[in-house]
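Structural overview
Chain residues, written in single-letter form:
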Amino acid sequence: MSQIPISNLTLNSLQPQGLYEGTILNFGWVNYFIGKNGSGKSQCMQRLHAKIQEYSTQNTNQDYLGKFLPTNRTHSISGNRTMLADKMEQWETSNPTADAFFQFLNESEFTKAMVQSRLNQFFEKSIRISPRGSNIVMDIFEKWKIAEKTGNQDVDEETKELNLSNESDGMKEMLILLTYIYHPRVKVLGVDEAELHLHPQMINFVLDAVEEAAQSEQKQFFIVTHSPIAIRLIPQATWKYFFFDKKNNNIIDFDKFSQPDYSDLIPQLNPFKKEVFYCDRVILVEGEQDYQIFQNISKKIGYSETDAGRYAFFPCWGGYEFERLYNFFKSLNKEVFIVADSNIESLTKANYSDEFKSILADQNITTKVSVEDLVVLCKKCHERFRADSLEGDKC
């Protein structure tokens, strides 16, 4: 594997004064920046933007480039861009992101072919990218099947021409992201809010392209996101997750999904990425039913912190997973609590370490509650419980 283009970044002079001062971030091929609003992610990306520009200028032949896509990248993208110069390299408009997008899309036949192919695959549309005279035009031909009113047979397919300026922001966003992901000269790509304008299926589609480019083309990505859907958990040490914890003035560098103890947890973590990455405290419960019961009871009695992300319940799918999940969440610097039967160790026949046994025994850290007692106290709730339809007045 080749050398990572941008291997590290030292943070200095962030605001407020002293925030993450001197912190060194060591990067992999795919790097996620995760944290609350105001936690310093954007400031970090500004510093990183300077490193990306430095990487581009070091390659004087422009064989390899780094690009940074800000959040306003789709605002001025339309169907036609008038060229103000004869050569593509001299082409300039009022929007640098738009300039680079159309320039990169049209200078590489490989990029055009890949973007067209992937969009055809996702949208089931026929995409053709072509310059026309002094304009650069994106034609989108969409096939509509029209059913006969008097029969079950389909009539001939109608072809409808759509201009890019009439397409959705999501379509424009896909075009921009795929163009930079697949362009052979772009070796480093930073994206602020990768989920911008995208449907969850589109997000997964883009992440497939990121994963493919990182592994087969050895391209480096920096992704800032507020969306659990935009976070892909990959059991490789070169996929890194940086958690910005402004409260404790700390950035947690997590790259342990390649380790067996953590890679095995990925199937359990995937459905609960909101709880994993976007809450301050985690309350571990034994299973899915306990998770739903506690979730709804906490709302019924007026604890709204679960909606605000201050704490979250997490089902462990059996008490034997308590220790591994406890250690995982503690490695993310979260407060972790356990709600379980008081005899959970003997019930599950779990082989807990002595250290974890002492944690379970410590009443200051662990809350030990019998779920059977909870069911007696909330019998109606338990009997009428439905995971997707429980209403507050049923408790």
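Attention here is on the structure that accompanies the text. (Residues numbered from 1 in each chain as written. Predicted model: local features only at pLDDT ≥ 70, side-chain atom pairs only at ≥ 80, totals over all residues. Heavy atoms only, no water.)

1. Some details on unusual backbone geometry
Where we set the bar: Counting from the N terminus, the helices are the DSSP runs of H or I reaching at least four residues and the strands are the DSSP runs of E reaching at least two. Burial status follows relative accessibility: with a 1.4 Å probe on protein chains alone, a residue under 20% of its type maximum counts as buried, one over 50% as exposed, and anything between as partly exposed.
The step from Q15 to P16 runs through a cis peptide bond, and the omega angle for that step is 0°. Positionally, P16 belongs in the loop between β1 (8–10) and β2 (24–26). Positioned with a positive phi, Y20 is a non-glycine residue whose angle comes to about 55°. Residue Y20 is classed as buried on the basis of its relative accessible area, which comes to 1%. Positive phi is not limited to glycine here, since N333 has a value of about 65°. Counting through the fold element by element, N333 comes out in the loop between α11 (322–331) and β14 (335–340). On the basis of relative accessibility, which here comes to 40%, the residue N333 falls in the partly exposed class.

2. Some thoughts on the packing of helix α4 (residues 169–182) against helix α5 (residues 200–216)
Helices that pack against each other are described as a pair by the angle of their axes relative to one another and the distance between those axes. Stated precisely, the cut-off is as follows: Here the axes come from fitting lines to C-alpha atoms, over the contacting stretch only for helices, and the angles between their N-to-C directions go from 0 to 180 degrees. To sort the angles, those under 35 degrees are grouped as roughly parallel, those over 145 as roughly antiparallel, those from 65 to 115 as roughly perpendicular, and the leftovers as oblique. In what follows, a contact means two residues having at least one pair of non-hydrogen atoms within 4.5 Å. Any residue outside Ala, Val, Leu, Ile, Met, Phe, Trp, Tyr, Cys, Pro, Asp, Glu, Lys and Arg is labelled polar, Gly included; the first ten of those are nonpolar and the last four are charged.
Contact geometry for α4 and α5: axes closest at 10 Å, N-to-C directions at 5°. Between α4 and α5, the crossing angle belongs to the class labelled roughly parallel. Contacts between α4 and α5 involve G170, M174, L177, L178, I181 and Y182 from the former and M202, F205, V206, A209, V210, E212 and A213 from the latter. In the contact of α4 with α5, the residues fall into eleven nonpolar, one polar and one charged.

3. Section: the packing of aromatic side chains
Rule in force here: Note on ring pairs: Phe, Tyr and Trp rings are taken, using the six-membered ring of Trp, and paired if centres are within 6.5 Å. Classes follow the plane angle, with under 30 degrees stacked, over 60 edge-to-face and the rest tilted.
This model, assessed by the stated rule, comprises 25 aromatic pairs. Judged by centre distance (5.7 Å) and plane angle (80°), the rings of F27 and F242 are edge-to-face. In this pair, F27 sits in the loop between β2 and β3 (30–35) while F242 sits in strand β10 (residues 239–245), placing the two residues 215 residues apart along the sequence. Across this residue pair, the class does not change: F27 and F242 are buried.

4. Describing the sheet that holds strand β8 (residues 186–192)
Going by this rule: In short, DSSP must find at least two bridges between two strands for them to pair.
Taken together, six strands build an open sheet; the order of strands is β4-β8-β9-β3-β10-β11 and the sheet is mixed. In this open sheet, the two strands that pair with only one neighbour each are β4 (65–69) and β11 (250–254). On average, adjacent strands in this sheet sit at an angle of 15° to one another, irrespective of strand direction. Across five bridges, β8 lies against strand β9 (residues 220–225) in parallel orientation. Its bridge partner lying in β9, V191 is registered against I223.

5. Concerning the pattern of salt bridges
What counts is decided by this rule: By salt bridge we mean one thing: a side-chain nitrogen of Lys or Arg within 4 Å of a carboxyl oxygen of Asp or Glu.
Considering all chains together, one arrives at ten salt bridges under this definition. One salt bridge connects K112 with E109, and the closest N-O pair in it is separated by 3.1 Å. Of this pair, K112 and E109 both sit in helix α3 (residues 109–123), three residues apart, which is roughly one turn of the helix. Note that E321 is salt-bridged to R324, the shortest N-O span being 3.1 Å. Note on E321: relative accessible area 9%, which makes it buried. Each of D208, E211 and R232 takes part in salt bridges that share partners, so that together they form one network.

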